[in-house]
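Descriptive analysis of the structure
Each chain, written out:
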Amino acid sequence: VTAHGLEAHSSLAPIGVNAVYMAADLVQAIRQEQQHIAERGRRDGDYEVPYTTLHVGKLTGGDVMNIVPNKATLDFEVHYLPAPRSASAFRHRQNR
């Protein structure tokens, strides 16, 4: 994911739009979604972590300290639980 902001000198930071802040907001939303899934999501006891997981692996942004960054990139992944066995076993019959 790439966030695009508006570059500005740090003395004019309120005029700029900080792309790192935008990416950090997305990280927070991903963390909240992970918490929601962990507490209320579908579970499968066959797995060590019994629910779908989300993971932010990389966040980069900005070039120099005194410039509000106009670009930030974020890499994240989602590991879904497989479909329930009972649902997938009869899926082919729904199309008849």
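Structure report, in brief. (Residues numbered from 1 in each chain as written. Predicted model: local features only at pLDDT ≥ 70, side-chain atom pairs only at ≥ 80, totals over all residues. Heavy atoms only, no water.)

Examining the sheet that holds strand 1 (residues 2-4)
We count it as follows: When DSSP finds two or more bridges between two strands, those strands count as paired. Comment: elements are numbered from the N terminus, with helices defined as DSSP H or I runs of at least four residues and strands as E runs of at least two. Where helices are involved, their axes are fitted lines through C-alpha atoms of the stretch in contact, as for all axes, and angles between N-to-C directions lie from 0 to 180°. Pairs of residues are marked as contacts when any of their non-hydrogen atoms sit within 4.5 Å.
The three strands lie next to each other as 1-5-3, forming an open sheet whose pairing is antiparallel. In the strand order of this sheet, the two ends are held by strand 1 and strand 3 (53-61), each with one partner. Direction aside, the axes of adjacent strands within the sheet are offset by 25 degrees on average. Its contacts with the sheet put helix 1 (residues 19-40) on strand 1, strand 3 and strand 5 (71-79), and the angle it makes with strand 3 is roughly 170 degrees.

A closer look at the environment of L12
As for its position among the elements, L12 is in the loop between strand 2 (8-9) and helix 1. L12 sits 54 residues away from N66 along the chain, and the two C-alpha atoms are 9.8 Å apart.

Overview of the pattern of salt bridges
Filter applied, for reference: The salt bridge definition used is simple: a Lys or Arg side-chain nitrogen within 4 Å of an Asp or Glu carboxyl oxygen. The rule is simple: take the accessible area with a 1.4 Å probe, protein chains only, and divide by the maximum for that residue type; under 20% is buried, over 50% is exposed, in between is partly exposed.
One pass over the full model with this rule turns up one salt bridge. With its nearest N and O atoms 2.8 Å apart, the salt bridge here joins R40 to E39. Using a relative accessible area of 58% as the deciding quantity, one classes R40 as exposed.

With respect to a nonpolar patch on the surface
How we decide: Patches here: salt-bridge-free residues with over 30% relative accessible area, like charges joined within 9 Å, nonpolar side chains (Val, Leu, Ile, Met, Phe, Trp, Tyr) joined within 5 Å. Each accessible area is a Shrake-Rupley result for a 1.4 Å probe, and residues are judged covered by the shown protein chains and nothing else.
A cluster of nonpolar side chains, L6, V17 and M22, forms an exposed patch at the surface whose accessible area comes to about 230 Å². The residue V17 is located in the loop between strand 2 and helix 1 in this model.

With respect to the nonpolar core
The condition that has to hold: Nonpolar core, defined: a set of buried Ala, Val, Leu, Ile, Met, Phe, Trp, Tyr and Cys residues in which side-chain atoms within 4.5 Å join the residues together.
Among the nonpolar cores identified, the biggest contains five residues, and these are V27, I30, I37, L54 and L74. At three residues, the largest contribution of residues to this core is made by helix 1. Not counting residues up to four positions away in its chain, the partners in contact with I30 are L54, V56, L74 and F76.

Observations regarding helix 1
Short version of the rule: Expected span of a helix: the number of residues minus one, times 1.5 Å. What the arc measures is the spread of directions leading from the helix axis to the C-beta atoms. Counting of polar contacts relies on pairs of N or O atoms within 3.5 Å, with two restrictions inside protein: one atom must be capable of donating a hydrogen and the other of accepting it, and residues adjacent in sequence are counted only when both atoms are side-chain atoms.
Over its 22 residues, helix 1 extends 31 Å from the first C-alpha to the last, a length consistent with the 32 Å expected when each residue adds 1.5 Å. Residues of helix 1 that are buried: A19, A23, V27, I30, Q34, I37 and A38. Looking straight down helix 1, one finds that the buried residues subtend no more than 100 degrees of arc, so they occupy a single side. Away from its buried face by more than 90 degrees, helix 1 exposes Y21, D25, E39 and R40. Taking the backbone nitrogen of V20 as reference, a side-chain oxygen 2.8 Å away marks N18 as the first, capping residue of helix 1.

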